[in-house]
Amino acid sequence: MRWMEEKKRHENLTYLALWGMLFAVPVLSLYLRSVNNPAFDFEWKEVFMIWKQFGIYLGIFLIHHLFLAPLLVYKQRRALYFSIVAVIIGGFIVYQCSNRPSERRAFNHEPPPHEQREPSHRQHPPHPHDFKEHRRHRPPVMVGQHDIIALIILILMLGMNIGIKLYFKSRYDTKQLMALEKKNLEQQLEYLKYQINPHFFMNTLNNIHALVDIDPEKAKDTILELSKMMRFVLYEGDKKGVPLSREFDFIRNYVTLMRLRYTDKVDVQVNLPAEVPDYQLPPLMLITFIENAFKHGISYQHDSFVHVKIEVRDERKEVRGIWLCFHCRNSKAEKPNEEQGGVGLANVRQRLNLLYGENYTLNIQDEPDTYNVELQIPLT
């Protein structure tokens, strides 16, 4: 999606700017020292030595940014994230301890090469007492100041990465919420305009009119179902979520009304859960697939079928929660019904993306004789 690409681009530009400034600091520092001190020579060798250390941090940052941070920020897999980060920090500590400056150089206080070039007024040989005092106050091997500072920098770097990701995720979620509210309104308007259109009402009312003389009681029940269906569209269609029982009732009413239009050659089966759990889903999400099945799969010359099955189960072990599994299978007519209706699969996909991001599954199989839709979405 466009917003997702913009979020990634802005986030990557932020990291690029921060790391660019970090790698530019040693160059600028040595340049200013060479300008202010004529005896000091600017050497790229020293810059490369500093960049080598920065490169280690950069490598760890890239691993954390690309693979580890998403586990915590997007997938909420805290145990796995902290376990891997602990291993990386442990490996970093071992590397720092095995690559610290040599003990002899630290013991003798050997000055860096550029400081050796600077003249000194007096040089005295070290007194034996100095060595004794130095050995007495030397820190333990595993808690050197250089190692502690490096570890603190690493932890701050990883925290910065998490903080930036959370910031951009918050901005992205806010934009998604605004777009979703707008999309829900557009969805309702489109639904009222096309899904329950005058042509549909004309056919339904004609069928009800025919039933008045044949089966008055059935005609009354059909009118009642039609009123329930319209009430759901008008008063529930603009909500963020509706109970499963309400959505299932709407599907039953819709299928009942559609059965009035076809003969017994059309095999219509709707299998809904007998016990509906207390969960919610976005309104009018599933009816588009059922509407398309009737519109494009019914033939008046040959036997046709529309089979709908909905299950509520916990089948995704890697992600905790309850999932709705929707299956819709229909035959394909030689000349599909061309009456305009529905909001189209493109809009349904866009609505699913706005609602669930990548946390849903939609598989559509367009075969020569049949059309199959399988949708899995998490319930709240």
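What counts as what
Residues numbered from 1 in each chain as written. Predicted model: local features only at pLDDT ≥ 70, side-chain atom pairs only at ≥ 80, totals over all residues. Heavy atoms only, no water. Core = buried A, V, L, I, M, F, W, Y, C linked by side-chain atoms within 4.5 Å. Buried < 20%, exposed > 50% of the residue type's maximum accessible area, 1.4 Å probe, protein only. Helix = DSSP H or I, 4+ residues; strand = E, 2+ residues; numbered from the N terminus. Contact = heavy atoms within 4.5 Å. Pairing = 2+ DSSP bridges. Phe/Tyr/Trp six-rings, centres within 6.5 Å; stacked < 30°, edge-to-face > 60°. Lys NZ or Arg CZ within 6 Å of the ring centre and 35° of its normal. Salt bridge = Lys/Arg side-chain N within 4 Å of Asp/Glu carboxyl O. pLDDT = per-residue confidence, 0-100. Axes fitted to C-alpha atoms, helices over the stretch in contact; angles between N-to-C directions.

It is worth spelling out the nonpolar core at this point. Within the largest apolar cluster, 45 residues are counted, with the highest numbers of intra-cluster contacts made by Phe-294, Leu-324 and Phe-326. With 8 residues, helix α10 (residues 244-259) is the largest single contributor of residues to this core. The residues touching Leu-324, leaving out its near neighbours within four places in the chain, are Leu-244, Phe-248, Leu-281, Leu-286, Ile-310, Glu-311, Leu-375, Gln-376, Ile-377 and Leu-379. Formed by 23 residues, the second largest nonpolar core is a distinct cluster that contains Tyr-57, Ile-60, Leu-71 and Phe-168.

Glancing now at the pairing of strand β7 (residues 370-378). The element β7 is extensively covered by neighbouring structure, given that 7 of its 9 residues are classed as buried. Pairing analysis gives 9 bridges linking strand β5 (residues 323-331) to β7, with the strands arranged antiparallel. Considered in β7, the bridge of Arg-329 is made with Asn-372. Two elements, strand β6 (residues 361-366) and β7, share 6 bridges in a ladder whose sense is antiparallel. Each residue of the ladder has a partner; that of Leu-362, found in β7, is Leu-375. Taken together, β6 and the strand that follows it, β7, pair antiparallel across an intervening segment of 3 residues.

So, about the packing of aromatic side chains. Applying the stated criterion to the full structure yields 15 aromatic pairs. With 5.8 Å between their ring centres and 40° between their planes, Phe-289 and Phe-326 make a pair best called tilted. With Phe-289 in helix α11 (residues 287-297) and Phe-326 in strand β5, this pair connects stretches of sequence that are 37 residues apart. For Phe-326, a relative accessible area of 0% gives the class buried. The rings of Tyr-15, Trp-19, Phe-23, Phe-42, Trp-44, Phe-48, Trp-51, Phe-54 and Phe-61 are connected pair by pair, giving a single aromatic cluster. Directly above the aromatic system of Phe-40 lies the positively charged group of Arg-33, at a separation of 4.6 Å from the ring centroid.

Further remarks concern the pattern of salt bridges. Between side chains of opposite charge, a pair can form as their charged atoms come close. Summed over the entire model, instances satisfying the criterion amount to 7 salt bridges. Here Lys-169 ties to Asp-173 by a salt bridge, and the two come within 2.9 Å at their closest N and O atoms. One end of the pair is Lys-169 and the other is Asp-173, both in helix α7 (residues 145-195) and 4 residues apart, which spans about a single turn. A salt bridge links Glu-217 to Lys-220; the nearest nitrogen and oxygen atoms lie 3.8 Å apart.

Structurally, the position occupied by Glu-247 is in helix α10. With a relative accessible area of 0%, Glu-247 lands in the buried category. For Glu-247, the residues in contact, after removing those within four places along its chain, are Phe-232, Val-242, Leu-281, Pro-282, Pro-283, Leu-284, Met-285 and Leu-286.

Okay, unusual backbone geometry next. Non-glycine residue Gln-76 carries a positive phi angle of around 55°. Within the fold, Gln-76 resides in the loop between α2 (44-73) and α3 (78-98). Looking at Gln-76, the relative accessible area reads 41%, which means it is partly exposed.

What follows is about the confidence of the model for the chain. Overall, the prediction assigns the chain a mean pLDDT of 77, with 76% of residues at 70 or greater. Of all helices and strands in the chain, the one with the weakest mean pLDDT is helix α4 (residues 103-107) (41), whereas β5 scores best (93). pLDDT under 50 marks residues 192-197. Its contacts with residues more than four places away, or in other chains, come to 16 contacts.

Reading across from one edge, β2-β4-β5-β7-β6 is the order of the 5 strands in this open sheet, with mixed pairing throughout. Each edge of the sheet is formed by a strand with only one pairing partner; in this case those strands are β2 (266-271) and β6. The average angle at which neighbouring strand axes cross in this sheet is 5°, direction not considered. Sheet contacts for α10: β2, β4 (304-313) and β5; angle to β2, the most-contacted strand, approximately 170°. Strands in contact with α11 are β2, β4, β5, β6 and β7; relative to β5, the strand with the most contacts, it is inclined by about 5°.

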